[in-house]
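One-letter residues, chain by chain:
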Amino acid sequence: MLRATLKSLLARKLRLVLSALAVVLSVMFIASSLVLTDTLGRTFDNIFADIYTNTDVQVTTKADVEAQGGGPAQSLKPLTAADVEKVADVDGVRSAKGQVFLTGARAVGKNGKIVASGSGQFGGNWGGEDELTKLIAGKAPAADDEVVINNGLALTGRFAVGDPIDVITRTQPRKTFKISGIMQYSGGRDSMAGETAVLFTEGTAQELMLGQKGAFNLIDVRSDSGVSDAKVRDNVKAALGDGYVVQTGEDLSEESSKQLRDLLAYVNYFLLGFGTVALLVGIFLILNTFSIIVSQRTQELALLRAMGAGRGQVIQSVLIEALIIGVVGSLIGFLVGLGFGTLGASFFASSADMESAGVGFPLTAIIVSFTVGILVTMISAVVPAIKAARVAPIAAMRDAASTDRPLTGITIAGGVVTALGGGSLAWGLAGAGDATLLLVFGGVLLIIIGVTLLAPLLSKPLVGALGSIFSWTIPGKLGKRNSARNPRRTAITAGAVMIGIAIITMISTVFTSLSTAIDESVQQDLQADLVVMGQQTSDVPPTIQPDELRGMKALPQVQTVAAFTYDAVQFDGKQDFVAAFEDMAAASTVLKLQAAEGRVDRIGSGEFVVDEKTAKDRKYKLGDSFTMAFSKGGTKTVTLVGIFKTNAGSSGVTISDTDAQAGFAFPQPIQAFLKVNSGVKVEDAKAAVAGVLKNNPEVDVLTTKEYAGNSKAFLDAILIVVQILLTAALAISVLGVINTLLLSVIERTRELGMLRAIGLRRGQTWLMVTIESVVITVFGTVLGLAVGAGLGSAIVTALKRVVGFGAVTMPWGTMVFYLFGAVLVGLVAGIIPAIRAARLNVLNAIAYE
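Please read these numbers as outputs of a predicted model, since none were measured by experiment.

1. Description of the overall build of the protein chain
Consideration 1: Within the protein chain, the secondary structure is distributed over 26 helices and 24 strands.
Consideration 2: Counting only C-alpha atoms, the protein chain reaches 100 × 75 × 50 Å along its principal axes.
Consideration 3: Within the protein chain, the proportion of its 849 residues that are buried is 52%.
Consideration 4: The contacts of the protein chain with a sequence gap of at least 6 include a subset with a gap of at least 24, amounting to 81%.
Consideration 5: Only carbon and sulfur atoms are counted for the fraction: they give 60% of the accessible area of the protein chain, which is about 36,900 Å².
Consideration 6: Both charge centroids of the protein chain, one from 72 positive and one from 70 negative side chains, sit 17 Å from each other.

Written out as structure tokens, the structure is:
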């Protein structure tokens with residue numbers, strides 16, 4: 001029986017290739033995602049191990065505010081010379097040296113723009129050459145206007161020793177320095193991970209990066225010979241007490257790696273989500289393939305039964321075939337995914353000026369790839385295998401036609417699942433508190449599954465209606481009837497197309513609605529003509545300097561300027577982001593803030609205001625007081641003095657500018673809204689504001705239309721990424737159409753021969769099969785567009801309840817594009833099956849068994 005199975009499999013090589021290709025594409029996506037994140041994780045492990053190789057123990061102050069997402073944050077509370085001396089006196093410490101090194105030094109290139117950085121823009125003091133850093137040109141900075149830069153910055157910005165370089169730091173606006181030297185890291189590396197580094201004299205670094213002389217943000221500790229780093233760490237901890245973080249180099253390496261691996265895990269989940277979609281579509285293709293194979297092998301399997309094969313042996317035969325296809329497809333899919341994942345990681349590493357960890361064979365990727373590939377193939381083959389076992393031996397004696405089973409069972413199942421999904425969706429839309437989004441997304445998944453099960457029932461009227469468009473010719477009528485003759489097979493093939501289209505349409509509906517909401521918010525909630533802002537590409541935001549803010553206010557073209565900044569704080573027992581306006585009265589005017597309770601047009605030190613929705617959700621009331629901990633250290637008790645009506649222009653907690661200046665990491669404004677004087681042209685005012693900002697490369701002045709466009713550009717970029725990632729699923733669905741039609745052509749070989757014999761020409765045969773392909777593809781697309789649009793609308797409605805989303809806006813342009821694209825895809829998918837059908841030898845086809 002095994003020999004017969006293998007011979008049957010090898011005798012139909014095309015069928016084998018098409019079946020295995022579906023497994024390859026599905027496994028490839030999952031394998032490449034796992035390999036990509038594993039390679040990047042190992043790359044960062046190596047980088048941090050190198051960075052902290054020469055670090056015995058490091059001391060920093062404990063941050064009062066957690067980093068975004070939890071975990072330790074970069075503390076801005078300074079260490080003093082007294083702290084350094086105290087550490088130096090600890091048993092086991094050979095030396096202790098205060099240092100300044102943190103993000104926030106943005107170098108300006110010769111083109112007037114901020115030099116791009118792959119992983120941070122660091123500033124600090126030059127502490128001399130050591131095991132990690134070596135000067136490769138020039139000398140150490142001797143004067144306060146001299147700096148050393150890393151070679152990565154020198155190459156990117158095309159700087160040389162002796163060149164002037166402008167730098168914007170945490171506490172000072174743009175200032176010009178002279179490059180006295182250029183350094184490299186050990187191993188001849190220009191940077192550790194694509195970062196830029198500007199290193200000043202010690203006093204200058206303290207003033208520009210920390211805002212005060214005699215301050216450090218870390219202490220580098222060297223252990224005595226024969227004393228373990230762990231012992232020195234524990235001794236220093238005991239000497240300093242609470243309020244300090246003491247770690248060995250190994251601790252620092254592990255902590256930094258863990259933070260990035262946690263981030264990579266989310267990237268992995270994101271990619272695996274699309275891989276799951278591709279896998280789901282692959283299941284449709286494999287299921288359809290094996291169903292058609294069993295149908296074609298009716299006489300072969302019946303003959304085996306007549307020769308004594310039992311039902312179990314027939315099931316075993318089909319499952320062995322599935323196992324072989326699963327193993328081969330998984331192996332090829334893993335190897336292709338390994339290549340793509342490694343190439344992706346190498347590209348990322350090279351673009352960030354990092355050295356990739358190289359090819360690896362992560363055990364997780366191997367296990368998941370083979371488990372998923374083999375299980376999916378075996379599960380998809382179970383139903384066809386059982387169907388094969390039911391073939392009666394007498395079928396070998398006649399030309400047994402494969403009759404379709406009734407659709408009652410699958411229709412009832414589809415109806416139940418769809419009803420459950422609809423109930424979950426309705427419950428979520430009605431408002432279910434914290435469970436709203438969970439119920440909505442659960443309902444979305446159930447509805448997609450339910451509609452897929454209902455597709456055979458829906459295919460009868462829809463395929464008939466779509467086929468009528470082509471029924472004006474004989475090939476068109478035949479193509480229509482062929483696509484409708486087996487509703488279950490047509491529905492499975494179209495269902496694969498439907499899933500990808502439905503997800504894209506759903507996401508497009510959400511994003512289009514959000515774009516409309518942005519436009520409406522700018523028009524309704526923003527009483528401004530111009531916006532000054534920059535693009536934040538790191539943890540250091542672009543800032544507007546105080547003299548620039550004064551300059552904008554002094555312009556005769558400008559009536560009102562509302563500038564604000566924000567920062568992470570520890571508030572009401574948890575992390576929160578709070579804003580602060582430089583002039584709250586101006587903000588109330590420009591952002592149309594209307595007081596619902598108390599006052600919102602002015603905030604004093606120790607006071608805050610909040611929007612209605614936040615106040616309601618957190619159960620705040622006027623007079624409530626809370627303790628707020630800031631990034632720079634220290635705490636402040638703040639009292640609620642006003643609640644304003646919620647609008648899209650401003651929400652959450654807003655504190656006074658006085659408190660922000662004292663506690664925020666970046667107290668300078670990061671954005672400003674400007675109202676132009678009556679009678680002044682907006683373009684004239686824009687030119688005047690641009691003149692004030694000409695020396696600030698971090699920010700630009702935009703009209704409100706440009707501001708809205710910038711906000712929507714981000715959504716457009718995400719949508720493009722989503723469409724690209726769903727390409728794998730769409731490719732598998734197109735492969736499913738090709739596979740189904742090819743196998744159908746083989747199945748109908750005698751029928752096609754008879755049609756040719758009674759006068760159907762080759763061109764008409766080609767047209768008949770092509771029309772069948774187009775009808776199936778368009779059917780799946782129409783179903784996907786309808787389901788996606790409905791689900792997208794439901795999600796927008798749910799988001800409106802949860803976060804105040806705007807009204808539903810349909811992506812009509814995208815939907816029309818995919819509809820016409822379905823016709824084109826159907827034409828392309830039908831080419832190979834149509835050519836095979838048209839080239840059939842009439843006599844051989846009539847005699848085909």
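2. Thoughts on the pattern of salt bridges
Consideration 1: Per the counting criterion, the structure on display carries 21 salt bridges.
Consideration 2: A salt bridge links Glu-146 to Lys-139; its shortest N-O distance comes to 3.7 Å.
Consideration 3: Residue Glu-146 is classed as buried on the basis of its relative accessible area, which comes to 12%.
Consideration 4: Residues Arg-233 and Asp-234 are paired through a salt bridge, measuring 3.3 Å at the closest nitrogen-oxygen approach.
Consideration 5: Salt bridges here are not isolated pairs; linked through shared partners, they connect Glu-131, Asp-220 and Arg-222.

3. Points about a nonpolar patch on the surface
Consideration 1: A cluster of nonpolar residues, Trp-766, Leu-767, Val-823, Leu-824, Leu-827, Val-828, Ile-831, Ile-832 and Ile-835, forms a patch on the protein surface that exposes about 720 Å² of accessible area.
Consideration 2: For the nonpolar patch, the secondary-structure elements that each account for two or more residues are helix H23 (762-803), helix H24 (812-829) and helix H25 (831-838).
Consideration 3: Ranked by residue count, the leading element in the nonpolar patch is H24, at 4 residues.
Consideration 4: Within the secondary structure, Leu-827 is located in helix H24.
Consideration 5: Residue class for Leu-827 comes out partly exposed when judged on its relative accessible area of 37%.

4. As for the environment of Ser-369
Consideration 1: Counting through the fold element by element, Ser-369 comes out in helix H10 (residues 363-389).
Consideration 2: Residues Ser-369 and Ser-256, 113 residues apart in the sequence, show an inter-C-alpha distance of 29 Å.
Consideration 3: In this structure Ser-369 touches Val-27, Ala-31, Ser-330 and Phe-334, once residues within four positions along its chain are discounted.
Consideration 4: A polar contact of 2.6 Å, which involves the side chain of Ser-369, links it to the backbone oxygen of Ala-365.

5. Digging into the sheet that holds strand E1 (residues 57-61)
Consideration 1: Pairing within the open sheet is antiparallel, and its 4 strands lie in the order E3-E13-E1-E14. Across the chains shown, the open sheet's two edge strands, defined by having one partner strand only, are strand E3 (93-99) and strand E14 (244-248). Taking the axes of each pair of neighbouring strands and ignoring which way they run, one obtains an average angle of 20 degrees across the sheet.
Consideration 2: Judged from the 6 bridges that link them, E3 and strand E13 (residues 218-223) form a sheet pairing that is antiparallel. Within E13, the position partnered with Gly-98 by the bridge is Ile-219.
Consideration 3: The strands that helix H3 (residues 81-88) touches are E3, E13 and E14; relative to E3, the one it contacts most, it runs at about 165 degrees.
Consideration 4: Across the sheet, helix H6 (residues 229-240) touches E1, E3, E13 and E14, and the angle it forms with E14 is around 170 degrees.

6. Digging into the nonpolar core
Consideration 1: By size, the foremost hydrophobic cluster in this structure holds 130 residues, and its most contacted members are Leu-425, Ile-499, Leu-526, Phe-673 and Leu-791.
Consideration 2: The element that contributes the greatest number of residues to this core is helix H14 (residues 487-525), accounting for 17 residues.
Consideration 3: Sequence-distant contacts of Leu-425, that is, excluding residues within four places in its chain, are made with Leu-439, Val-440, Gly-443, Val-444, Ile-447, Leu-791 and Ala-794.
Consideration 4: Judged by nonpolar contacts, the second largest core, of 37 residues, contains Val-84, Met-209, Leu-210 and Phe-216.

7. Focus on unusual backbone geometry
Glycine aside, residues mostly have negative phi angles, and peptide bonds mostly take the trans form.
Consideration 1: Positive phi, normally seen in glycine, also occurs at Arg-158, with a value near 55 degrees.
Consideration 2: Considering the arrangement of structural elements, one finds Arg-158 in the loop between helix H4 (151-157) and strand E9 (164-168).
Consideration 3: For Arg-158, a relative accessible area of 70% gives the class exposed.
Consideration 4: A positive phi angle, close to 55 degrees, is found at Lys-592, a residue other than glycine.

8. Quick notes on the side chain of Thr-248
Consideration 1: Among the structural elements, Thr-248 can be located in strand E14.
Consideration 2: We classify Thr-248 as buried; its relative accessible area is 6%.
Consideration 3: A polar contact of 3.0 Å, which involves the side chain of Thr-248, links it to the side chain of Asp-251.
Consideration 4: Sequence-distant contacts of Thr-248, that is, excluding residues within four places in its chain, are made with Asp-56, Val-57, Asp-229, Ala-230 and Arg-233.

9. As for helix H20 (residues 704-725)
Consideration 1: Spanning 22 residues, H20 covers 32 Å between terminal C-alpha atoms, matching the ideal 32 Å at 1.5 Å per step.
Consideration 2: Those residues of H20 not exposed but buried are Thr-704, Tyr-707, Ala-708, Leu-715, Leu-719, Val-722 and Leu-725.

Rules and cut-offs
- Residues numbered from 1 in each chain as written.
- Predicted model: local features only at pLDDT ≥ 70, side-chain atom pairs only at ≥ 80, totals over all residues.
- Heavy atoms only, no water.
- Helix = DSSP H or I, 4+ residues; strand = E, 2+ residues; numbered from the N terminus.
- Buried < 20%, exposed > 50% of the residue type's maximum accessible area, 1.4 Å probe, protein only.
- Contact = heavy atoms within 4.5 Å.
- Areas by Shrake-Rupley, 256 points an atom, 1.4 Å probe, with all protein chains shown as cover.
- Lys, Arg positive; Asp, Glu negative; His and termini not counted.
- Charge placed at Lys NZ, Arg CZ, Asp CG, Glu CD.
- Salt bridge = Lys/Arg side-chain N within 4 Å of Asp/Glu carboxyl O.
- Patch = residues over 30% accessible without salt bridge, like charges linked within 9 Å, V, L, I, M, F, W, Y side chains within 5 Å.
- Polar contact = N/O pair within 3.5 Å; in protein donor to acceptor, adjacent residues only side chain to side chain.
- Pairing = 2+ DSSP bridges.
- Axes fitted to C-alpha atoms, helices over the stretch in contact; angles between N-to-C directions.
- Core = buried A, V, L, I, M, F, W, Y, C linked by side-chain atoms within 4.5 Å.
- Expected span 1.5 Å × (residues − 1).

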